[in-house]
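# Architecture at a glance
Listed below are the residues making up each chain.
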Amino acid sequence: MSAAALETARVWLVVALTLFGLFFTLVSMTGVLRLPDVYSRAHTASQADTLGAGFGLAAVALTVGLAGAGFKSVLLLFFIFLTNPTAAHAIARAAFEEGIVPWTEGDDRR
């Protein structure tokens, strides 16, 4: 493969990763706004937002390369993969300990 073909493939991969990141971030935002209780919102925020940030940071790392800022974005990616689910778990556990009841079908608390 030529250098131009590799560069074109890298650009398209960056575009695809960015679009995936935007999609998952929009799904997360919609879930946080539309879901009925703190447990559902924490679930969507921990999963979809982590994927959105992961794809976005992977696009950044691929764009700038693994030297300097690219390496820092990869470290940030691992940090987000560890902390987002942990924070969502802490929020759900705090809600449970406060006695907040999960939403069930037929419940009027929307």
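Residues numbered from 1 in each chain as written. Predicted model: local features only at pLDDT ≥ 70, side-chain atom pairs only at ≥ 80, totals over all residues. Heavy atoms only, no water.

The chain goes by Monovalent cation/proton antiporter, MnhG/PhaG subunit in an unreviewed UniProt entry, where it is assigned to Halorubrum tebenquichense DSM 14210.

## Comments concerning the UniProt feature "transmembrane region" (unreviewed entry) in the chain
Per the UniProt annotation, the sites labelled "transmembrane region" (unreviewed entry) are residues 12-33 and 53-82. In residues 12-33, the share of helix is 100% and the share of strand is 0%. The end C-alpha atoms are 32 Å apart. This span, residues 53-82, is 87% helix and 0% strand, and a straight line between its end C-alpha atoms measures 12 Å. (UniProt positions renumbered as here; feature names shortened; annotations may be inferred. Helix = DSSP H or I, 4+ residues; strand = E, 2+ residues; numbered from the N terminus.)

## Details of helix H3 (residues 69-97)
Taking 1.5 Å of rise per residue, 29 residues should cover 42 Å, and H3 covers 41 Å from first to last C-alpha, within 8% of that figure. For H3, the set of buried residues is Gly70, Ser73, Leu77, Ile80, Ala88 and Ala95. Along its buried surface, H3 packs onto helix H2 (38-64). Positive phi appears at Gly99, one or two residues downstream of H3, with a value of about 90°. (Expected span 1.5 Å × (residues − 1). Buried < 20%, exposed > 50% of the residue type's maximum accessible area, 1.4 Å probe, protein only. Contact = heavy atoms within 4.5 Å.)

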